[in-house]
Amino acid sequence: MSVITGTRPRRILDADGTPLDIFPLPVDERSLEELFRDLFENHWREITFGPLIQGAAFEFKADEPPSRVSVFDGYLTIAFGVPHFHICIGEHKGPPRAPTSPELARHRRTARAELYRRFGRTCVPMSWGLRLFNGAGEQQITVLLPNPFLDPESDRRVKEPEWSRLALWDKLRARWLGLHDPDPVDRSADWGRPS
């Protein structure tokens, strides 16, 4: 599996003008399958997931671990009994009698994966996550990671940040970026000012 070492974030402005630090991740099928298996098999209680696109945010939490995580014809499937989702992370050919065109296969497949941290109005990180985009630049999924500023049960803002909630972020940075020391930027919130 790939590791992108020596990674420094790239600062971009999201569509709404919010600064984001982007950390690129490998997009090969084996790496993405490992990443998603880890998140959904080991951290399903901690994460919120779904597409976050302009005009719509689908924020789902699992009530139990997935009943199945598998890959077939390039599509990763994560099932929770009957409810499930698919993401094209690998080579997709389609059925033999009606093969998928190379252009459509490129459109469907993950072309960009990134860890990100989103900044608040006080220019300090306020949320952390993972995003995947297909070959046309369309968002496939966002996985929101535990947030030190939000109660994990109610999603309401807490009185004091709980920095231990950055453990999964730190673990992902170490595994996928080779960044083993926590980044002080992630714990730099001025809690006295609203974000």
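Everything numeric here is computed off the predicted structure, so don't read it as measured data.

(A) View of the packing of aromatic side chains. The final tally for this structure, using the stated rule, is 11 aromatic pairs. Counting every residue linked through ring pairs, the aromatic cluster contains Phe36, Phe40, Phe49, Phe58, Phe60, Phe80 and Phe85. It is Arg112 that lies over the ring of Phe133; its NZ or CZ is 3.8 Å from the centre. For the cation-ring pair, Arg131 lies above Tyr116, with the distance from its terminal atom to the ring centre recorded as 5.2 Å.

(B) Layout of the side chain of Gln139. Examined against the element boundaries, Gln139 turns out to sit in strand E11 (residues 139–144). Taking the relative accessible area as the measure of exposure, Gln139 reaches 18% and is therefore buried. Looking at Gln139, its side chain comes within polar contact range of the main-chain oxygen of Leu52, at 2.8 Å. Reaching out from Gln139, the side chain makes a polar contact with the side chain of Thr142 at a distance of 2.8 Å.

(C) Broad picture of the environment of Trp44. Its place among the elements puts Trp44 in the loop between helix H1 (29–42) and strand E3 (48–50). Once the C-alpha coordinates of Trp44 and Asp63 are considered, the two residues, 19 residues apart in sequence, prove to be 8.3 Å apart. Not counting residues up to four positions away in its chain, the partners in contact with Trp44 are Leu39, Ala62, Asp63, Glu64 and Pro65.

(D) Quick peek at the environment of Phe23. Turning to its location among the elements, Phe23 is positioned in strand E2 (residues 19–25). For the pair Phe23 and Arg10, spaced 13 residues apart in sequence, the C-alpha to C-alpha distance is 6.7 Å.

(E) Quick peek at the layout of surface pockets. Of the volumes computed, that of the largest pocket is approximately 510 Å³. Lining the largest pocket are 20 residues, and of these Glu46, Thr48, Lys61, Pro152 and Asp155 sit closest to its centre. Broken down by class, the residue content of the lining of the largest pocket amounts to eight nonpolar, three polar and nine charged. Here the second largest pocket is characterised by a volume of approximately 360 Å³. Looking at the second largest pocket, it is lined by 17 residues, and the ones nearest its centre are Asp14, Leu52, Gln54, Arg131 and Gln139. For the lining of the second largest pocket, the secondary-structure elements that each account for two or more residues are strand E4 (52–53), strand E5 (56–57), strand E9 (110–119), strand E10 (125–134) and E11. Per-element tally for the lining of the second largest pocket: the top contributor is E10, with three residues.

(F) Spatial organisation of the pairing of strand E7 (residues 75–79). Taking burial as the measure, the five residues of E7 include four buried ones, the bulk of the element. Bridge analysis of strand E6 (residues 68–72) against E7 gives five bridges, and the strand direction is antiparallel. The partner of Phe72 across the bridge, within E7, is Tyr75. In textbook terms, the turn of a hairpin is the stretch between consecutive antiparallel strands, and for E6 and E7 this stretch comprises two residues, one of which, Asp73, has a positive phi near 50 degrees. Here E7 runs beside strand E8 (residues 84–88); their pairing, made up of five bridges, is antiparallel. Directly across from Tyr75, in E8, lies its bridge partner Cys88. Here E7 folds back onto E8 in antiparallel fashion, the turn holding four residues, of which Gly81 has a positive phi close to 75 degrees.

Procedures and definitions
- Residues numbered from 1 in each chain as written.
- Predicted model: local features only at pLDDT ≥ 70, side-chain atom pairs only at ≥ 80, totals over all residues.
- Heavy atoms only, no water.
- Phe/Tyr/Trp six-rings, centres within 6.5 Å; stacked < 30°, edge-to-face > 60°.
- Lys NZ or Arg CZ within 6 Å of the ring centre and 35° of its normal.
- Helix = DSSP H or I, 4+ residues; strand = E, 2+ residues; numbered from the N terminus.
- Buried < 20%, exposed > 50% of the residue type's maximum accessible area, 1.4 Å probe, protein only.
- Polar contact = N/O pair within 3.5 Å; in protein donor to acceptor, adjacent residues only side chain to side chain.
- Contact = heavy atoms within 4.5 Å.
- 1 Å grid on protein atoms, 1.4 Å probe; cavity = no way out; pocket = protein on both sides within 12 Å on 5 of 7 lines; lining within 4 Å.
- Points joined across faces, edges and corners; volume = space filled by probe spheres on them.
- Nonpolar A, V, L, I, M, F, W, Y, C, P; charged D, E, K, R; others polar.
- Pairing = 2+ DSSP bridges.

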